[in-house]
Amino acid sequence: MTGCLIKDLMLIKNQKQFLVIIGVIGLMMLIIYDNPSFVFGYLTVMLSFLPITTLAYDDAENGAAYLFSLPVTRRGYVAEKYLFSIGFTLVTGAVVYGVVWGGCLLKRYSIQAEEMGMLLLASLSISVLFLATAIPVQIRFGSERSRIAGAIVMCSLFVICYGGARLLGALSIDEETLERAAASIGTAGIAGLAITAWIVIYGISCLVSFRLIAKREF
Amino acid sequence: MIESALLDFENVRKVYKDFELHVNLKVEPGYITGLIGPNGAGKTTAFKSALGLIHTDGGRLKVFGKPAEELAPSDRENIGVVLADSGFSSALKVKELLPVLSHLYPAFSRQEFIRQCDRFEIPMEKKIGQFSTGMKRKLQVLAAVSHGASLLILDEPTAGMDVIARDQLLSLLREYMETDGRSILISSHISSDLEGFCDDIYLIHEGKILLHEETDRLLNQYGLLKVTKEQYAALDQRYILKTRKEGFGYSCLTDQKQFYMENYPQIIIERGSIDELILMMNRRDA
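A quick note: this is a predicted structure, and the numbers were derived from the prediction, not measured.

Each helix and strand counted, chain A has nine helices and zero strands in total. Taken from the N to the C terminus, the helices and strands of chain A come in the order α-α-α-α-α-α-α-α-α. Relative to a compact globule of 218 residues, whose C-alpha radius of gyration would be 17 Å, chain A shows 19 Å and is just as compact. Its C-alpha atoms put chain A at 55 × 45 × 30 Å along the principal axes. Sorting the 218 residues of chain A into buried and exposed places 42% on the buried side. A fraction of 80% describes how many contacts in chain A between residues 6 or more apart in sequence connect residues 24 or more apart. For chain A, the exposed area adds up to about 11600 Å²; of that, 72% sits on carbon and sulfur atoms.

What follows is about the overall build of chain B. In terms of regular secondary structure, chain B is built from eleven helices and 14 strands. Taking the principal axes of the C-alpha coordinates as reference, chain B spans close to 70 × 40 × 40 Å. A buried classification covers 53% of the 286 residues belonging to chain B. Summed over its atoms, the accessible surface of chain B is roughly 12500 Å², and 47% of this surface lies on carbon and sulfur atoms. Charge centroids of chain B, computed over 35 positive and 41 negative side chains, lie 5 Å from each other.

Our next topic: a nonpolar patch on the surface. Residues and elements named next belong to chain A. Among the surface-exposed residues, Val20, Val24, Leu27, Met28, Ile31, Ile32, Tyr33, Phe38, Val91, Val95 and Val99 lie close enough to one another that they form a single nonpolar patch of about 1100 Å² accessible area. Of all elements in the fold, only α2 (16–32) and α6 (74–106) reach the threshold of two or more residues within the nonpolar patch. Here the nonpolar patch takes six residues from α2, the largest share from any one element. Tracing the chain through its elements places valine 99 in helix α6. Among the residues examined, valine 99 registers a relative accessible area of 39% and is labelled partly exposed.

Here we come to the pattern of salt bridges. Scanning the model with the defined rule gives 22 salt bridges over all chains in all. Two residues, arginine 13 of chain B and glutamate 20 of chain B, come together in a salt bridge whose shortest N-O distance is 3.1 Å. Look at glutamate 20 of chain B and you get partly exposed, because its relative accessible area is 30%. When the shortest N-O distance is used, the salt bridge between aspartate 236 of chain B and arginine 238 of chain B registers 2.8 Å. Of the residues examined, arginine 238 of chain B reaches a relative accessible area of 59% and is grouped as exposed. What emerges from the salt-bridge pattern is a single network uniting Lys7, Asp8, Asp58 and Lys81 of chain A.

Another point: the environment of serine 123 of chain A. Residues and elements named next belong to chain A. Take serine 123: it is sitting in helix α7 (residues 113–170). What makes serine 123 buried here is its relative accessible area of 5%. Considering only alpha carbons, one finds serine 123 and phenylalanine 40, 83 residues apart in sequence, at a separation of 7.3 Å. In contact with serine 123, other than residues within four places in its own chain, are Phe40, Gly41, Thr44 and Val45.

To continue, consider the packing of helix α5 (residues 133–144) of chain B against helix α6 (residues 163–176) of chain B. Residue and element names in this part refer to chain B. For the pair α5 and α6, interaxial distance at closest approach is 11 Å and the crossing angle is 10°. The orientation of α5 relative to α6 falls into the category roughly parallel. Residues Lys138, Val141 and Leu142 of α5 pack against Ala165, Leu169, Leu172 and Leu173 of α6. Residue composition of the contact of α5 with α6, by class: six nonpolar, no polar and one charged.

So, about the interface of chain B and chain A. In this assembly, 31 residues from chain B lie in contact with 26 residues from chain A. Counting the surface lost from both chain B and chain A, the interface buries some 2500 Å², and carbon and sulfur atoms represent 60% of this. Counting the surface chain B buries against chain A, the share from its top three residues, Leu53, His55 and Leu104 of chain B, is 22%. Counting the contacts that link chain B with chain A gives two salt bridges. Between glutamate 217 of chain A and lysine 14 of chain B there is a salt bridge, with its nearest N and O atoms 2.8 Å apart. Where chain B meets chain A, there are 15 residue pairs in polar contact (both at pLDDT 80 or more). Elements represented by at least two residues in the side of chain B that touches chain A include exactly α2 (73–76), α3 (94–104) and α5 of chain B.

Another aspect to go through is the pairing of strand β2 (residues 20–27) of chain B. All names here are of chain B. Only one face of β2 is covered, namely the face carrying Leu21, Val23, Leu25 and Val27; the face carrying Glu20, His22, Asn24 and Lys26 is uncovered. Here seven bridges tie strand β1 (residues 7–15) to β2, and the two strands are oriented antiparallel to one another. In the sheet register, valine 15 faces β2, and the bridge partner there is glutamate 20. The hairpin turn running from β1 into β2, its antiparallel successor, is four residues long.

On to the UniProt feature "transmembrane region" (unreviewed entry) in chain A. All names here are of chain A. Summarizing the sequence annotation, UniProt attributes the feature "transmembrane region" (unreviewed entry) to residues 17–33, 39–57, 82–104, 116–136, 148–168 and 188–214 in the numbering used throughout. Across residues 17–33, helical content stands at 94% and strand content at 0%; the span's end C-alpha atoms are separated by 24 Å. What you have in residues 82–104 is 100% helix and 0% strand, and the ends, taken at the C-alpha atoms, are 32 Å apart.

With that settled, consider the environment of arginine 174 of chain B. Residues and elements named next belong to chain B. As for its position among the elements, arginine 174 is in helix α6. Considering only alpha carbons, one finds arginine 174 and phenylalanine 197, 23 residues apart in sequence, at a separation of 8.2 Å. Dropping the residues within four chain positions of it, arginine 174 is found in contact with Gly196 and Phe197.

The next subject is the confidence of the model for chain B. Residue-level pLDDT values for chain B average 90, and 98% of them are 70 or greater. Interface scoring of the predicted complex returns ipTM 0.86; its pTM is 0.86.

Rules and cut-offs
Residues numbered from 1 in each chain as written. Chains lettered and ligands numbered in written order. Predicted model: local features only at pLDDT ≥ 70, side-chain atom pairs only at ≥ 80, totals over all residues. Heavy atoms only, no water. Helix = DSSP H or I, 4+ residues; strand = E, 2+ residues; numbered from the N terminus. Rg over C-alpha atoms; globule rule 2.2 N^0.38 Å. Buried < 20%, exposed > 50% of the residue type's maximum accessible area, 1.4 Å probe, protein only. Contact = heavy atoms within 4.5 Å. Areas by Shrake-Rupley, 256 points an atom, 1.4 Å probe, with all protein chains shown as cover. Lys, Arg positive; Asp, Glu negative; His and termini not counted. Charge placed at Lys NZ, Arg CZ, Asp CG, Glu CD. Patch = residues over 30% accessible without salt bridge, like charges linked within 9 Å, V, L, I, M, F, W, Y side chains within 5 Å. Salt bridge = Lys/Arg side-chain N within 4 Å of Asp/Glu carboxyl O. Axes fitted to C-alpha atoms, helices over the stretch in contact; angles between N-to-C directions. Parallel < 35°, antiparallel > 145°, perpendicular 65-115°, else oblique. Nonpolar A, V, L, I, M, F, W, Y, C, P; charged D, E, K, R; others polar. Buried area = accessible area lost by both parts, 1.4 Å probe. Polar contact = N/O pair within 3.5 Å; in protein donor to acceptor, adjacent residues only side chain to side chain. Pairing = 2+ DSSP bridges. UniProt positions renumbered as here; feature names shortened; annotations may be inferred. pLDDT = per-residue confidence, 0-100.

Structure below.
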């Protein structure tokens, strides 16, 4: 697993241009806008795309066949991808948190730590949901077909979210009701719920990926 | 010898919609075994089966005496691989592979690998995606022999190489074989590579093994008889394996060249070669 981990870090390192571009865009947003929430979400979610690119690189030009002829098990590969993806997302999330916090201090923009924490939680939740969806799609369809499959899955997620919002509306559960419910749970409760949801979603996704990789032929 | 084979295909089957592989093949310790056949014959499918990259539909496939699907990473550390249609990620540089290979293979010799890359003019700082096909193959072969594996599975390792690089690489593989107990399963479309290199050869066509023979016997005892229609009619055909109709009469493949040399001194007999063998075995009888 360590060998694969090093390979993935090398692949990320070689995407310096991508990192620089999203970093520059993020900084520009931080300078232009007073509210850091959008910058925060943008950077965290964009950076969570990077671990997925390592799957595409592995698969490009039938490279996965060679990879699995090395001392790399299919389950070990999947486990490494999930650990690397969540690790990378959490680390970059923390870095973005620091940068945005620093930006707010420089611009003398007052922001509550609790508000920043909620922003971090929301952004990471989107990232986790994205990773939990994109990894099995990439494993099942490979780098070529996964673009189409990924677009279909993302559209499905949008439809589910939109349908959920409509359902809440039909049940007369408005934003205020949700805010009251959130307030009654408290910040720690919301964080706890979110992290539990991450573990459940990510865990299910990982199990699905184990099954998909076992069936795949290279 | 049966149990000691490093690689053992016993009635291994893989069924696709328009192709079926059905193979019996063994790679014995200390042997260099060649797998030859035209494009689409099933060589790569056989290699991928051995490496567990595709699921088989029947038969028994053992590597180091273990079912292929039960191979642990520690077993795979003992195998070196070159694949015809695959390789290291093109986004990486060779120098970036060093820590990866060090962690994948405890016996990886970093200094020796760097030395061989220098010998074979493999640039350390260039992305693999910018390499020629021949350079990519060289890199894979160097990686395959860099960690003391006892079995090499090499699918078209010399593809895309010039004659000098091919010779250098085959020399490297001969050096590799100087250690006892090591074996190689190799395929190549360049028959001269295999004739001078392999101990035994399997001929595969349309997913089936048509012939298995020791290379020395193939080159010394196999021959191609060039006969007219009249000579063909008078020919003892007990030792004729295949016949091909020609403008002058018939070409006949035999594995008893000496018999025909002694009993039919008037007919032309050409030395057996892998190319002729492929051409003859792949055609239907006249």
